[in-house]
Amino acid sequence: QVQLVESGGGLVQAGGSLRLSCAASGIIFRRYTMAWYRQAPGKQRELVAAITSGGNTNYADSVKGRFTISRDNAKNTVYLQMNSLKPEDTAVYYCNTVVGGLIYWGQGTQVTGSS
């Protein structure tokens, strides 16, 4: 029932910007914390940003000041605005939520920051 669908990835020159979107269905969206993770080749999946049902946010140190997570509960969508992209931001980005103790992931979207 729960489905997360990411979009918005692409190839951007270093210093550029992208906005990722994640559309959720099958949940009462406004009740849940939403998060973005990323996984680069050969590396562990890591938390990038999270936003609670109340709008509180948390960011990895590596993206603070550059990325912004937001949500639109009316659209059941969470966003990740990525500015000042660096080559080290290159990864597959995944939308995530936890519902009733079960972890749900989107299919992922590729982000490449070229040097």
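Above this text you will find the structure in question.
A quick note: this is a predicted structure, and the numbers were derived from the prediction, not measured.

What follows is about the packing of aromatic side chains. This model, assessed by the stated rule, comprises 2 aromatic pairs. Their ring planes at 75° and their centres at 5.0 Å tell us that Tyr-37 and Trp-105 sit as a pair that is edge-to-face. Linking Tyr-37 in strand S4 (residues 34-39) with Trp-105 in strand S10 (residues 102-105), this pair joins segments that are 68 residues apart in sequence. Take Tyr-37: its relative accessible area is 21%, and that puts it in the partly exposed class. Look at Trp-105 and you get partly exposed, because its relative accessible area is 36%. Clustering of aromatic rings is evident, with ring pairs tying together Tyr-37, Tyr-94 and Trp-105. In this structure, Arg-45 packs its charged tip against the face of Tyr-94, placed 3.8 Å from the ring centre. When the ring centre of Trp-105 is taken as reference, the NZ or CZ atom of Arg-45 above it lies at 4.5 Å.

Of note, Asn-76 is a non-glycine position whose phi angle comes to about 50°, a positive value. Positionally, Asn-76 belongs in the loop between strand S7 (67-72) and strand S8 (77-82). We note that Ser-84 has phi near 50°; this positive angle belongs to a residue other than glycine. Mapped onto the secondary structure, Ser-84 falls in the loop between S8 and strand S9 (91-99). Among the residues examined, Ser-84 registers a relative accessible area of 39% and is labelled partly exposed.

Here we come to the pattern of salt bridges. Counted under the stated rule, the structure contains 4 salt bridges. Residue Arg-38 pairs with Asp-89 through a salt bridge whose shortest N-O separation is 3.0 Å. Highlighted residues: Arg-38 in strand S4 and Asp-89 in the loop between S8 and S9, separated in sequence by 51 residues. The exposure classification of Arg-38 matches that of Asp-89, with both residues buried. Here Asp-89 and Arg-66 are joined by a salt bridge, their closest N and O atoms 2.8 Å apart. Here Asp-89, found in the loop between S8 and S9, pairs with Arg-66, found in the loop between strand S6 (57-59) and S7; they are 23 residues apart in sequence, far enough to count as distant. Classification of Asp-89 as buried rests on a relative accessible area of 1%. The class for Arg-66 is buried, based on a relative accessible area of 11%.

What counts, and at which threshold
- Residues numbered from 1 in each chain as written.
- Predicted model: local features only at pLDDT ≥ 70, side-chain atom pairs only at ≥ 80, totals over all residues.
- Heavy atoms only, no water.
- Phe/Tyr/Trp six-rings, centres within 6.5 Å; stacked < 30°, edge-to-face > 60°.
- Helix = DSSP H or I, 4+ residues; strand = E, 2+ residues; numbered from the N terminus.
- Buried < 20%, exposed > 50% of the residue type's maximum accessible area, 1.4 Å probe, protein only.
- Lys NZ or Arg CZ within 6 Å of the ring centre and 35° of its normal.
- Salt bridge = Lys/Arg side-chain N within 4 Å of Asp/Glu carboxyl O.

Geometric descriptors of this kind do not, in isolation, establish any biological role.
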